[in-house]
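# Coordinate analysis (summary)
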Amino acid sequence: MAEKLLELQGISMAFGGLKCIQALDLDVGEGEIVSVIGPNGAGKTTLFNLITGVYQPTGGDIVFAGKSITGLEPHQITRRGIARTFQTLRLFLNMSVRENVMAAAYGHTKAGVFRSMLRTPGMRREEQEIRELAEKRLAFFGDRLMGYRWDQPAYSLSYANRRRLEIARATATNPRLLLLDEPAAGMNPKETQEITDLISLLRTEGGYTILVIEHDMHVVEGISDRVIALNHGIKIAEGSFDEVATSPQVVEAYLGTGGMAKK
Amino acid sequence: MSGGYDDELSRPLEGALEASTSEGPTSPAVGRDEWVARHGDNRTRRGGLLGTVEARLRVVPWWAWLATFVALFCLLPVASDSGYVRRVAFDIAIYMLLALGLNVVVGWGGLLDLGYIAFFGIGAYAYAFLSSDHYGIHLPSFVSIPLVVVIGATTGFLVGLPSRRLTGDYLAIVTLFFLLLFLTVTTNGDDLFGHNVTGGANGLLNADPLSLFGHELPPTLEGGLFNPAYMYVVLAVFVVVYVALRFVNLSRTGRAWRSLREDPLAAEVMGMPVNSLKLMSFAFGAAIAALSGTFVTMLSASVFPLSFSFPLLIIIYTMVILGGSGSQPGVVLGAVLIGTLLELLRDPGDSRVLFYAAIVLGVLGAFRFSVKLAVVVAGTFVFGFVAHSIAGASDNAWVNGSGGEGGGVADFAANWVIVPVHVAAWVAPVSYVSLVALALVLTLLHGWARIALLIPVLYLAAFVWENVMIAQPEPTRYIILGVILIALMIFRPTGLLGEKRVEII
Ligand SMILES: Nc1ncnc2c1ncn2[C@@H]1O[C@H](COP(=O)(O)OP(=O)(O)O)[C@@H](O)[C@H]1O
Ligand SMILES: [Mg+2]
């Protein structure tokens, strides 16, 4: 395995008495695509919230690129190079599609308010760069998020396009690690196929390491170098897709008894 | 991929899509996104002459609007040499500055700052400390004004700091408390630990006038007339602040403000330091309020605690909300409209005209030109004259109380509305409460029943106006602000120039 980019060491999380994540170890190597699967309520989204600093773990340490990021605020973690999408879409709905993406460049741009007031040449150059960056990130989705939609408000986008915009926005933070929370949820089979191809492309062309939560086993099979299965906040299986899909614990977690049906 | 987009959500529209694509092979396929956006466009776009005018006005660049507005404003003191008009123009210019500042906090930062006026007061007092006889410090304006701005921003920062997360309720209470503290300290500040700091209720006197390049601008000209130069100075400051804020709003900071107002968690996770951004908007607002305070002190050469209390806070908020929180041109428009309205309401004659004009416009807006309109207008007229003559026939003292000064509207009112010579003490509360109650009942009725009730309600409104409200101009002003806010909430929640906002689809 390549060098470890993200490493969770014995992470625990409890909400009151509810132990949502228990002593979880997990790592993601540079350039890998790792999928997290598990039934609803297994703690997958909570895992993302812990990595991005939205929640503080009740125990354990999170190491990113060799440095501990436990206890940092979310925006600091984002600046270190972790970006995410939200399972329950959280776009800036009343801003234009382009502005949604431009806003995410905040962390790696510098122009302060006073330079903005004076519109110094440096500030204007940076603004132009942000614009180009946003357009490049949007262009990644080709036809689906075409130019003439960029000035429309985000609320006018269809559900599938909002999911795409979430990804475009996350990539505008210039991350090294991309966390995708159910990117194919609510998409039809054709779009699901597109997303599968796109995630692979995000790695090859964008150079991102990717940790993805996904329910659709076709997607998981299509993209994953490695699959991790969670249930009740505990890792119940880890390995290649075939290994995990046939693991008795996973089968039981999903179905109680019987074989694991491919969707 | 050029075909229709088969998003799951677009299914219900498929019929419509096919219809639009079958028009011709060259017409572009309309996906759901385009459909939503175009539909939204079409709904806001008007047809006909009005639509053409609106479309033309839309392409006028922002600076042209600003320049025209400022030019017209500059003409005011030229057009009228009345000291009153000049003074009101100055006040409105100050209101515009204050509204711009509050817009940064409320409209952009999304923070409920109920202590905003305290920063206005801090600016006014700080200037008096730095440039008056009180401490014998007489810093020149070009030193004291920037210092005051820094003091305002710092205080704003410090007040915002303890309410760490700065979520709505906490911040509102902390800032409200701060305003109270400010008022208490300034009113009792003539004996703070044995020192006279703020002059107490008597305020601070003999503040220095504005000095520009070693040249002092006297606040009053010979003849006691107010010096319009101050209005021009404030207007110039307004332009600078307006343009600077506009540029900030179009920068990464402005984008971040808008993002955090939409979804603070998403903004934070996308790399924007939400807490510092909020603090920044808070400090910005405080700085602008403090800056406005300096000019008020200069012009009146004095500062009193009572100038900075709750009524002013409510007025500035109304301006921002009416104009459209978040929109710079909107809040300036709000400041001009409310500022003018409040002045007109001071005068019974003017306010009477305003009142009847508002009623007529309201009825016209509700019924357009229809049979119902004719019925309501005729009905109300007849109702009034009948009521007036019955009352007059039984006892002349019932209708002779009108103290209205000249003018057609006043004459009309005197012959139409019952205005007793002596109004019994119970009349005011009873008529007022029944007016409100009947207005509420009105919202429950429909069709002709509503119209039948509307006629006496309109008459009752006129009765309350003539007998209760005109006699009490001060509370009337605030009641009218309240009515404006309620009407706005119902008919145009985004304010006059606010952007249409979609919460969740
Ligand atoms: N903020 C919270 N407070 C209390 N319980 C929570 C909170 N967030 C998540 N949970 C609980 O943690 C469990 C895991 O949720 P989640 O991580 O969203 O599951 P999923 O694997 O479906 O993404 C659920 O039982 C959920 O109710
Ligand atoms: Mg989830």
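Residues numbered from 1 in each chain as written. Chains lettered and ligands numbered in written order. Predicted model: local features only at pLDDT ≥ 70, side-chain atom pairs only at ≥ 80, totals over all residues. Heavy atoms only, no water.

Of the regular secondary structure elements, chain B holds 20 helices and 2 strands. By residue count, 47% of the 505 residues in chain B fall in the buried class. When contacts within chain B are restricted to residue pairs at least 6 apart in sequence, long-range pairs at least 24 apart make up 71% of them. Carbon and sulfur atoms make up 70% of the accessible area of chain B, which totals about 24500 Å². (Helix = DSSP H or I, 4+ residues; strand = E, 2+ residues; numbered from the N terminus. Buried < 20%, exposed > 50% of the residue type's maximum accessible area, 1.4 Å probe, protein only. Contact = heavy atoms within 4.5 Å. Areas by Shrake-Rupley, 256 points an atom, 1.4 Å probe, with all protein chains shown as cover.)

The next subject is the confidence of the model for chain B. Residue and element names in this part refer to chain B. Per-residue confidence for chain B averages 82 on the pLDDT scale, and 87% of its residues sit at or above 70. With pLDDT under 50 throughout, residues 1-29 is counted as low confidence; its partners more than four residues away or in other chains account for 35 contacts. In the predicted complex, the global pTM is 0.85; the interface-specific ipTM is 0.93. (pLDDT = per-residue confidence, 0-100.)

Attention now moves to the pattern of salt bridges. Side-chain pairing between opposite charges can occur once the charged atoms of the two side chains come close. Residues and elements named next belong to chain A. Per the counting criterion, the structure on display carries 19 salt bridges over all chains. Its salt-bridge partner being Arg169, residue Glu166 comes within 3.5 Å of it at the nearest N-O pair. In this pair, Glu166 and Arg169 are both assigned in helix 6 (residues 159-171), 3 residues apart and thus about one turn of the helix distant. In terms of burial, Glu166 and Arg169 fall into one category: buried. Put simply, Lys4, Glu7, Asp27, Glu32, Arg226, Lys235 and Glu238 are held in one network by salt bridges that share partners. (Salt bridge = Lys/Arg side-chain N within 4 Å of Asp/Glu carboxyl O.)

Evaluation of the coordinates by the stated rule reveals 22 aromatic pairs over all chains. Aromatic side chains Phe119 of chain B and Phe282 of chain B sit 5.9 Å apart centroid to centroid with 85 degrees between the ring planes, which places their arrangement in the edge-to-face category. Placement of the pair is Phe119 of chain B in helix 6 (residues 116-130) and Phe282 of chain B in helix 12 (residues 274-300), with a sequence separation of 163 residues. With relative accessibility at 0%, the residue Phe282 of chain B sits in the buried group. Seen from their ring centres, Phe355 of chain B and Trp465 of chain B are 4.3 Å apart, and the 10 degrees between their planes marks the pair as stacked. Taken together, the residues span a long stretch of sequence, with Phe355 of chain B in helix 15 (residues 348-367) and Trp465 of chain B in helix 19 (residues 447-469) at a distance of 110 residues. Looking at Phe355 of chain B, the relative accessible area reads 16%, which means it is buried. In this structure, Arg252 of chain B is placed above the aromatic ring of Tyr106 of chain A, and the distance from its NZ or CZ to the ring centre is 4.0 Å. Over the ring of Trp448 of chain B we find Lys372 of chain B; its NZ or CZ atom is 5.7 Å from the centre of that ring. (Phe/Tyr/Trp six-rings, centres within 6.5 Å; stacked < 30°, edge-to-face > 60°. Lys NZ or Arg CZ within 6 Å of the ring centre and 35° of its normal.)

Right, let's talk about the sheet that holds strand 8 (residues 209-213) of chain A for a bit. Residues and elements named next belong to chain A. On the basis of which strands lie adjacent, the open sheet formed by 6 strands has the order 6-7-8-3-9-10 and mixed pairing. Whereas interior strands pair on both sides, the edge strands pair on one side only; in this sheet they are strand 6 (82-84) and strand 10 (234-239). The sheet shows a mean angle of 20 degrees between the axes of neighbouring strands, taken without regard to direction. Sheet strands in contact with helix 6 are strand 6 and strand 7 (177-181), and its direction is about 160 degrees off that of strand 7. (Pairing = 2+ DSSP bridges. Axes fitted to C-alpha atoms, helices over the stretch in contact; angles between N-to-C directions.)

Quick look at unusual backbone geometry now. All names here are of chain A. In the Ramachandran plot, Ala65 falls in the positive-phi region, its phi being about 50 degrees despite a non-glycine side chain. Of note, Ala65 is situated in the loop between strand 4 (59-64) and strand 5 (67-68). Even without glycine at this site, Arg119 takes up a positive phi of about 45 degrees. Relative to the helices and strands, Arg119 is located in the loop between helix 4 (113-118) and helix 5 (121-139). Taking relative accessible area as the criterion, Arg119 reaches 22% and is therefore assigned partly exposed.

Further remarks concern the domain arrangement of chain A. All names here are of chain A. With domains assigned, chain A is organised as domain 1 (1-81 + 175-192 + 208-263) and domain 2 (94-172). One C-alpha centre belongs to domain 1, the other to domain 2; they are set 28 Å apart. Facing the 13 residues of domain 1 at the interface are 11 residues of domain 2. Between domain 1 and domain 2 lies a buried interface of about 890 Å² when both sides are counted; carbon and sulfur atoms form 60% of it. Across the domain 1-domain 2 interface, the total number found is 1 salt bridge. Between Arg164 and Glu191 there is a salt bridge, and its shortest N-O distance comes to 4.0 Å. Where domain 1 touches domain 2, the interface holds 1 residue pair in polar contact (both at pLDDT 80 or more). Top element by residues in the side of domain 1 that touches domain 2 is strand 7. It accounts for 3 residues. By residue class, the composition of the side of domain 1 that touches domain 2 is 7 nonpolar, 1 polar and 5 charged. (Domains from an automatic or database assignment. Buried area = accessible area lost by both parts, 1.4 Å probe. Polar contact = N/O pair within 3.5 Å; in protein donor to acceptor, adjacent residues only side chain to side chain. Nonpolar A, V, L, I, M, F, W, Y, C, P; charged D, E, K, R; others polar.)

Looking at chain A, the pLDDT average stands at 90 and 96% of residues meet or exceed 70. Predicted confidence for residues 258-263 of chain A stays below pLDDT 50, and this span has 12 contacts to residues more than four positions away or in other chains.

Before going further, it helps to spend a moment on the interface of chain A and chain B. It is common to give the size of an interface as the accessible area that goes away when the parts come together. Listed per partner, the contact involves 53 residues of chain A and 41 residues of chain B. The junction of chain A with chain B conceals about 4500 Å² of combined surface from both sides, 55% of it contributed by carbon and sulfur atoms. At the junction of chain A with chain B, the criterion picks out 13 residue pairs in polar contact (both at pLDDT 80 or more). Of all elements in the fold, only helix 2 (74-80), helix 3 (97-103), helix 4, helix 5, helix 6 and helix 7 (189-204) of chain A reach the threshold of two or more residues within the side of chain A that touches chain B. Top element by residues in the side of chain A that touches chain B is helix 6 of chain A. It accounts for 6 residues.

Moving on, we get to the coordination of the magnesium ion (ligand 2). Residues and elements named next belong to chain A. In the first shell of the magnesium ion (ligand 2), the protein supplies Thr45 (OG1) and Gln87 (OE1), at 2.0 to 2.1 Å from the metal. Taken together, the residues Thr45 in helix 1 (residues 44-51) and Gln87 in the loop between strand 6 and helix 3 connect sequence positions 42 residues apart. Residue classification places Gln87 among the partly exposed residues on the basis of a relative accessible area of 28%. (Donors = N, O, S within 2.8 Å, 3.2 Å for Na, K, Ca; no water.)

A few words now on the nonpolar core. A general trend in soluble globular proteins is that nonpolar side chains are found buried together. Residue and element names in this part refer to chain B. Counting 138 residues, the largest nonpolar core has Phe238 and Phe295 as its most contacted members. Top element by residues in this core is helix 5 (residues 83-108). It accounts for 17 residues. The residues touching Phe295, leaving out its near neighbours within four places in the chain, are Phe90, Ile94, Ile145, Val233, Val234 and Val237. (Core = buried A, V, L, I, M, F, W, Y, C linked by side-chain atoms within 4.5 Å.)

Residue and element names in this part refer to chain A. The immediate surroundings of ligand 1 are formed by Phe15, Leu18, Cys20, Pro39, Asn40, Gly41, Ala42, Gly43, Lys44, Thr45, Thr46 and Tyr55. Gly41 is positioned such that a nitrogen or oxygen atom in its backbone is 2.8 Å from an oxygen atom of ligand 1. Separating a nitrogen atom of ligand 1 from a side-chain N or O atom of Tyr55 is a distance of 3.0 Å. Within the complex, 62% of the 560 Å² of free accessible area of ligand 1 lies under protein. Elements supplying a minimum of two residues to the shell around ligand 1: strand 2 (18-29) and helix 1. It is helix 1 that provides the largest number of residues to the shell around ligand 1, a total of 3 residues. (Near = heavy atom within 4 Å.)

Residues and elements named next belong to chain B. Within this model, the second largest pocket holds a volume of roughly 2300 Å³. Lining the second largest pocket are 43 residues, and of these Ala358, Gly362, Val483, Ala487 and Phe491 sit closest to its centre. Among the elements of the structure, helix 14 (328-346), helix 15, helix 18 (427-444), helix 19 and helix 20 (473-491) are those that each provide at least two residues to the lining of the second largest pocket. By residue number, the principal contributor to the lining of the second largest pocket is helix 15, which donates 12 residues. (1 Å grid on protein atoms, 1.4 Å probe; cavity = no way out; pocket = protein on both sides within 12 Å on 5 of 7 lines; lining within 4 Å. Points joined across faces, edges and corners; volume = space filled by probe spheres on them.)

Right, let's get into the environment of Gln328 of chain B. Residues and elements named next belong to chain B. Considering the arrangement of structural elements, one finds Gln328 in helix 14. Put simply, Gln328 and Ala393 are 65 residues apart on the chain and 56 Å apart in space, counted from C-alpha to C-alpha. Leaving out residues up to four positions away in the same chain, Gln328 has contacts with Leu100, Asn103, Trp108, Tyr242, Leu245 and Arg246. A polar side-chain atom of Gln328 sits 3.2 Å from the main-chain carbonyl oxygen of Tyr242.

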